[in-house]
Amino acid sequence: MIRKGLIALRASVKFISVFILAALLIIGVIIFLYKPIYEVYIGGEFVGYSEDKQKLQQKINDYLDGDEEEHIAFVQVDNLPTYQLCMLKKDIVTNDDEIYSMVKESGTAYYKYYAIAVNNEEQLYVSSFQEAQQAVDELKAKNSSNVAGLSIAVKYSEELGELKQTEEAVAALYNKKKVTSKAVISSTNTSVANARSKTGPSIPIAFRYPVASPRISSRFGTRWGRQHAGLDLAVPTGTDVYASAAGTVTFAGWNSGGYGYLVIISHGNGVQTYYAHNSKIMCSVGQTVSAGDLVAKAGNTGRSYGSHCHFEIRVNGKAYNPELYL
Ligand SMILES: [Zn+2]
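Keep in mind it's a predicted model, so treat the numbers as computed, not measured.

Student: Would you take a moment to explain the overall build of the protein chain for this structure?
Tutor: Of the regular secondary structure elements, the protein chain holds 6 helices and 20 strands. Of the contacts formed within the protein chain by residues at least 6 apart in sequence, a portion of 67% connects residues at least 24 apart.

Student: So what exactly am I meant to see when it comes to the pairing of strand S11 (residues 231-234) here?
Tutor: Successive residues of a regular strand alternate their side chains across the two faces of the sheet. Pairing geometry for strand S8 (residues 216-218) and S11, over 2 bridges, is antiparallel. Note on S11: the bridge partner recorded for Ser218 is Asp232. As defined by bridge partners, S11 adjoins strand S19 (residues 308-315) across 4 bridges and the pair is classed as antiparallel. The residue of S19 that forms the bridge with Leu233 is Cys309.

Student: Would you explain the sheet that holds strand S16 (residues 280-281) in this entry?
Tutor: Note: strands within a sheet are paired through backbone hydrogen bonds, in either parallel or antiparallel orientation. Taken together, the 3 strands give an open sheet; going across it, the order is S12-S18-S16, and neighbouring strands pair in antiparallel fashion. The strands lining the two open edges of the sheet, one partner per strand, are strand S12 (240-242) and S16. Sheet topology note: the S12/strand S18 (residues 294-297) ladder contains 3 bridges and is antiparallel. If you follow Tyr242 over to S18, its bridge partner there is Leu294.

Student: Would you mind showing me how to read the environment of Ala135 here?
Tutor: Within the secondary structure, Ala135 sits in helix H4 (residues 129-141). Given 27 C-beta atoms within a 10 Å radius, Ala135 is considered buried. The spatial distance from the C-alpha of Ala135 to the C-alpha of Leu173 is 8.9 Å, given a sequence separation of 38 residues.

Student: Could you clarify how one ought to interpret the pairing of strand S1 (residues 34-42) in this entry?
Tutor: Bridge analysis of S1 against strand S2 (residues 45-50) gives 5 bridges, and the strand direction is antiparallel. Each residue of the ladder has a partner; that of Tyr38, found in S2, is Ser50. Between the end of S1 and the start of S2, which pair antiparallel, lie 2 residues, with Gly43 showing a positive phi angle near 60 degrees.

Student: Explanation requested: helix H1 (residues 2-33) in the structure shown.
Tutor: Given 3.6 residues to a turn, an α-helix orients residues that are three or four positions apart in the same direction. Relative to the 46 Å expected for 32 residues at 1.5 Å per residue, H1 spans 46 Å between its end C-alpha atoms, a close match to the ideal helical length. Little of H1 sits inside the fold, with 0 of its 32 residues counted as buried.

Student: Is there a simple way to think about the nonpolar core in this case?
Tutor: Note on soluble globular proteins: their nonpolar side chains tend to be buried together. Core analysis: the largest hydrophobic core is formed by 27 residues, its most contacted members being Val241, Leu262, Val263, Tyr275, Val295, Ala296 and Cys309. Elements with a minimum of two residues in this core: S11, S12, strand S13 (247-255), strand S14 (260-268), strand S15 (271-278), S18 and S19. In terms of residue count, S14 provides more of this core than any other element does, 5 residues in total. If we ignore the near neighbours within four places in the chain, the residues touching Ala296 are Val241, Tyr261, Val263, Tyr275, Asn278, Lys280, Ile281 and Met282. If you look at the next biggest cluster of nonpolar residues, it comprises 23 residues, including Leu56, Val103, Ala109 and Ile116.

Student: Could you clarify how one ought to interpret the packing of H4 against helix H5 (residues 166-173) in this entry?
Tutor: When two helices pack together, their arrangement is given by the angle between their axes and by how far apart the axes lie. For the pair H4 and H5, the least separation of the axes is 9 Å and the interaxial angle reads 40 degrees. Here H5 runs oblique to H4, going by the angle between their axes. Where H4 crosses over H5, the handedness of that crossing is right-handed. Side by side, H4 and H5 meet where Glu131, Gln134, Ala135, Glu138 and Leu139 of the first sit next to Thr166, Ala169, Val170 and Leu173 of the second. Broken down by class, the residue content of the contact of H4 with H5 amounts to 5 nonpolar, 2 polar and 2 charged.

What counts as what
Residues numbered from 1 in each chain as written. Predicted model: local features only at pLDDT ≥ 70, side-chain atom pairs only at ≥ 80, totals over all residues. Helix = DSSP H or I, 4+ residues; strand = E, 2+ residues; numbered from the N terminus. Contact = placed C-beta atoms within 7 Å. Pairing = 2+ DSSP bridges. Buried ≥ 20, exposed ≤ 12 C-beta atoms within 10 Å, placed from the backbone. Expected span 1.5 Å × (residues − 1). Core = buried A, V, L, I, M, F, W, Y, C linked by C-beta atoms within 7 Å. Axes fitted to C-alpha atoms, helices over the stretch in contact; angles between N-to-C directions. Parallel < 35°, antiparallel > 145°, perpendicular 65-115°, else oblique. Left-handed = near helix turned anticlockwise from the far one by under 90°. Nonpolar A, V, L, I, M, F, W, Y, C, P; charged D, E, K, R; others polar.

Encoded structure:
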């Protein structure tokens, strides 16, 4: 009885051993010939096998985050891959790189960069906010005329614009400050000083002031950014205006260019005197006058701000500083 049982046990141990051995052999063959591999689908369509799903997906994630290429902010992909585990023979061709390329091609990359705008009009582009800020700061430091209109805008675009370096941006955007009224005032003084020190052509005529007790309210030279062609003598309206020197009246009437009621006297050799902004004309064209003859009554006509006599001395049409000759 016992002997019979022992034989049965021995037989079953033998059987189990053989079975385990066979199983190990099969597993060994499987491990040797096959390995876990993922089928990859994009948009439900089989696109290939991935050797390393983890690695492939990481690469795709990096691409989506825009880490792959400089300036890419993010990427939009219509269809992301899905994976399915399968066991395949080791000699199957995997195509991770190809799958990655397919994902990349189906995606739209959005580049991120910065625009510097002047009065909300984009002028040029730089890579980073820091560069844009630095350019704007430099333009402010250089007192560029457009500082008030400068702004920085972030750009997301499918196309990468031409990016400038900070220094290029500053050079391109720098605008010399236009002369402000404050600057004009200071330049008025210098140019008037220059005009006064300047000598005009020698004129062999003795000129006298066209009004009695003249008070100069504005000199010859640049004023408010414009050339002031004469000498302003502040006088009340109705004050007598005299011929500065002997000559012939060649104009007596309204001037629409801003002189108002104007008298022009010619003194020969291209020399003329102008008397402008009069309230009344007291002479007529062709009349011969002597120095000191009444030709007009002072006023505030034409482009004039306050009653005065605007007096000019011209030689061949060009105005010279009357103070040089009075
Ligand atoms: Zn004037």
